[in-house]
Amino acid sequence: MLNMSDIMETITMIQDENLDIRTTTMGISLIDCADTDIDRSCQKVYDKIYSHAKDLVKTGEFIERKYGIPIVNKRVSVTPISLLLGVSGGDPVKYAKTLDKVAHDIGINFIGGYSALVQKGFSAGDRELIESIPRALAETELVCSSVNIGSTKAGINMDAVKIMGQKVREAAELTADRQCIGDAKLVVFCNAVEDNPFMAGAFHGITEADCVLSVGVSGPGVVRSVLAKMPDDASLNEVAEAIKKTAFKITRVGQLVGTEAAEMLNVPFGIIDLSLAPTPAVGDSVAHILEEIGLEQCGAHGTTAALAMLNDAVKKGGLMASSSVGGLSGAFIPVTEDAGMINAAREGTLSIEKLEAMTAVCSVGLDMIVIPGDTPAEVISAIIADEAAIGMVNSKTTAVRVIPAIGLEEGQELDFGGLLGSGPVMKLRTKSPAKMINRGGRIPAPMQSLKN
Amino acid sequence: MSETQKAVVTVIGKDMVGILSKVSAAVAEANANVMEVTQSVLDGYFCMIMILDITAADKSIDEMQALIGSHVPDMVVHVMHENIFNSMHRI
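Nothing here was measured: the structure is a model prediction, and the numbers come from that model.

1. Notes on the overall build of chain B
Looking only at helices and strands, chain B has three helices and four strands in total. Taken from N to C terminus, the helices and strands of chain B fall in the order β-α-β-β-α-β-α. At 13 Å, chain B has a C-alpha radius of gyration in line with the 12 Å of a compact globule built from 91 residues. The C-alpha extent of chain B, read off along each of the three principal axes, is 40 × 30 × 20 Å. Counting over 91 residues, chain B shows a buried share of 36%. Taking contacts inside chain B between residues at least 6 apart in sequence as the whole, the part at least 24 apart equals 70%.

Written out as structure tokens, the structure is:
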């Protein structure tokens, strides 16, 4: 039988500690929509997404009411569009506009998959799609884009890295009048995962089933408040244990919502991604968890160790709670979306170098970082290359989502509003990596790739 | 016959006369059956948990929450399907 303290714990988590289901994401394969005529292809894309996902929002809202837990986002991820473009040719932005239209028509928050996977080289459609990304992001509202430029198996495609540096800049320039929002929807990956339900990096991998429903759970506030109740002299293994137990509970809720939603929508349940994804709301910050562990401020020496422990404990707790854990699963550190990170960046405690170190032990990479508006493309490429190297060597996903704030300088702030938050322009090194970036070619796959 | 559907009602707030009766009236209005009630008053704060059988209820969970809330406007009322508690606290 349920007891009173269990019931009150659940209610407090939801009401006071911002426990929520961050996203239910439906992954839809578009392979069967490819057509040599781009207009026909777009029509098939529209029809397939519409017919599969038209009840996604309604189902989400029903479950929200039944269990009293908010489901913040309803999203769709699709097969990388470069594959369709390779068949159809034509102006890739037509696909972006089709995705944007269907997203609006079914009422979802974002649609991801305007993507290309070029870790080893470019195939038909890849270059054209990448070239079109800045325009696609400027001319649509809900479309998210990602490009995978490296992997542990394939090494790093430095030609793609060079191009992506330029595209990140162009995307910011084309949306300079809208807080450079284009770049908040563009992620450059190394070791991208094919079942990630979180934006902006979600796409539906080609190895996935035709249509699946995945869930992303969140709850940094819950973890923080559990730690806040612990005595100051509790040892770190006790802290890790507490995080693990909390992650277990959070994940169980995700599992419940995911299986029920999948059943209602009559599609297989994909994976649950148990990520501590912060929002700018008070009490929903990953930085505050690190501070609760015992740092004066996030970014202080010790941050990397605390984050490594947090990330690992979250995974361990979640693994047992769900039948299929996937996606990124761990702690996210998007600077502008995390109240504690924003403060630490403003005060200068958190630097880009520290963030880079943190990405070696957490689940993603340099995320939502505002950089000076005059940053040259090759510096952005070099940031991408550094991050990809960390991912490649450590066999983990890393990503770069930086926003060159056009017209702003170090110390000024860019404000997106809403879930994307705001943040100060962070200082970068100004010495040029241009010669290395312009060499192009590939960084060969590391020793770790030779496991056979 | 489908299996029993249960919901958990929690009512929290300052203690006053008639809370239990008002909440029960609302529950009856929704055609839900009270299976179990626990309540405590600590420092003048009232906290009640009620398990309902909602198999035959003619209102949805959120409608029930609104209905109970309207009977005791000064209290914080939650109504949630029991599955969320079971999955979180039972292996």
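2. Some points on the overall build of chain A
Helices and strands together make up the secondary structure of chain A, namely 15 helices and 13 strands. For 452 residues, the compact-globule estimate of 2.2 N^0.38 gives 22 Å, and chain A sits close to it at 21 Å. Overall, the C-alpha framework of chain A stretches about 60 × 55 × 50 Å when taken along its three principal axes. Buried residues in chain A amount to 61% of all 452 residues. Counting contacts in chain A only where the partners sit at least 6 residues apart, residues at least 24 apart contribute 80% of the total.

3. A few points about the interface of chain B and chain A
A common way to express how large an interface is: the accessible area buried when the components associate. In this complex, chain B contributes 17 residues to the contact, which on the side of chain A involves 16 residues. Of all the secondary structure elements, the ones that give two or more residues to the side of chain B that touches chain A are β1 (6–14), α2 (61–71), β4 (76–81) and α3 (83–89) of chain B. Counting residues per element, the side of chain B that touches chain A draws most heavily on α3 of chain B, which supplies six residues. When grouped by side-chain class, the residues that make up the side of chain B that touches chain A number seven nonpolar, eight polar and two charged.

4. Looking at the packing of helix α2 (residues 38–53) of chain A against helix α5 (residues 93–106) of chain A
Residues and elements named next belong to chain A. It is at 10 Å that the axes of α2 and α5 come closest, and there the two elements cross at 25°. Between α2 and α5, the crossing angle belongs to the class labelled roughly parallel. For α2 against α5, the interelement crossing comes out right-handed. Residue-level inspection shows Ile38, Cys42, Val45, Tyr46, Ile49, Tyr50 and Ala53 of α2 in contact with α5, the latter providing Lys94, Tyr95, Thr98, Lys101, Val102, Asp105 and Ile106. By residue class, the composition of the contact of α2 with α5 is ten nonpolar, one polar and three charged.

5. Notes on helix α6 (residues 126–139) of chain A
Residue and element names in this part refer to chain A. With 14 residues, α6 should cover 20 Å at 1.5 Å per step; its first-to-last C-alpha distance of 20 Å lies within 8% of that length. Of all the bends in α6, the greatest reaches close to 50° and is centred on Ile133; the proline Pro134 follows between one and four positions later. For α6, the set of buried residues is Asp126, Leu129, Ile130, Ser132, Ile133, Pro134, Ala136, Leu137 and Ala138. Among the structural elements, α4 (81–88), α5, β3 (110–117), β4 (143–151), α7 (158–174) and β6 (186–190) are those in contact with the buried residues of α6.

6. Comments concerning the packing of α6 of chain A against α7 of chain A
All names here are of chain A. Between α6 and α7, the least distance of the axes is 9 Å, while the angle of their chain directions is 20°. Taken together, α6 and α7 sit at an angle that is classed as roughly parallel. Note that α6 runs across α7; the crossing there is right-handed. Residues Ile130, Ile133, Pro134, Arg135, Leu137 and Ala138 of α6 form the contact with α7, whose participating residues are Ile163, Lys167, Glu170, Ala171 and Leu174. Of the residues assigned to the contact of α6 with α7, the class counts are eight nonpolar, no polar and three charged.

7. Considerations on the nonpolar core
Residue and element names in this part refer to chain A. One finds Ile111, Ile149, Leu290 and Ile384 to be the most contacted residues of the largest nonpolar core, which totals 184 residues. Looking at this core element by element, the count peaks at eleven residues for helix α9 (residues 236–265). Filtering out sequence-adjacent residues up to four positions away, Ile111 remains in contact with Arg75, Val76, Val78, Leu99, Ala103, Leu142, Val143 and Cys144.

8. Comments concerning helix α12 (residues 339–346) of chain A
All names here are of chain A. Buried within α12 we find Gly340, Met341, Ile342, Ala344 and Ala345. For α12, the elements touching its buried residues are α10 (286–293) and β12 (422–424). At the C-terminal side of α12, Gly348 shows a positive phi close to 85°.

9. Quick look at the pairing of β4 of chain A
Residue and element names in this part refer to chain A. For β4, a buried count of nine out of nine residues is recorded, marking the element as mostly surrounded by other parts of the structure. Handedness of the crossover joining β3 and β4 through α6: right-handed. Bridging between β4 and β6 involves five bridges; their strand directions are parallel. Bridge pairing links Asn148 to Phe189 in β6. The pairing of β4 with strand β5 (residues 155–157) spans two bridges and is antiparallel. Following the sheet pairing, Ser151 is matched in β5 by Gly155. Connecting β4 to the antiparallel partner β5 that follows it, the hairpin turn spans three residues.

10. Quick look at the sheet that holds β1 of chain B
Read from one edge to the other, the open sheet built from four strands follows the order β2-β3-β1-β4 (chain B), with strand pairing classed as antiparallel. The outermost strands of the open sheet, each flanked by one partner alone, are β2 (33–42) and β4 of chain B. Pairwise comparison of adjacent strand axes, ignoring direction, gives a mean angle of 15° for this sheet. The sheet contact formed by β1 of chain B and β4 of chain B spans six bridges and is antiparallel. Bridging across to β4 of chain B, Val11 of chain B finds its partner in Val77 of chain B. Sheet contacts for helix α1 (residues 4–15) of chain A: β1, β2, β3 (45–53) and β4 of chain B; angle to β1 of chain B, the most-contacted strand, approximately 80°.

11. Observations regarding the environment of Ser432 of chain A
All names here are of chain A. By the secondary structure assignment, Ser432 is in the loop between β12 and α15 (434–439). A count of 12 C-beta atoms within 10 Å places Ser432 in the exposed class. Sequence spacing of Ser432 and Val379 is 53 residues, and the spatial spacing of their C-alpha atoms is 6.8 Å.

What counts, and where the lines are drawn
Residues numbered from 1 in each chain as written. Chains lettered and ligands numbered in written order. Predicted model: local features only at pLDDT ≥ 70, side-chain atom pairs only at ≥ 80, totals over all residues. Helix = DSSP H or I, 4+ residues; strand = E, 2+ residues; numbered from the N terminus. Rg over C-alpha atoms; globule rule 2.2 N^0.38 Å. Buried ≥ 20, exposed ≤ 12 C-beta atoms within 10 Å, placed from the backbone. Contact = placed C-beta atoms within 7 Å. Nonpolar A, V, L, I, M, F, W, Y, C, P; charged D, E, K, R; others polar. Axes fitted to C-alpha atoms, helices over the stretch in contact; angles between N-to-C directions. Parallel < 35°, antiparallel > 145°, perpendicular 65-115°, else oblique. Left-handed = near helix turned anticlockwise from the far one by under 90°. Expected span 1.5 Å × (residues − 1). Bend = angle between axes of the 7 residues up to and from the residue. Core = buried A, V, L, I, M, F, W, Y, C linked by C-beta atoms within 7 Å. Right-handed = clockwise from strand over helix to strand, strands pointing away. Pairing = 2+ DSSP bridges.

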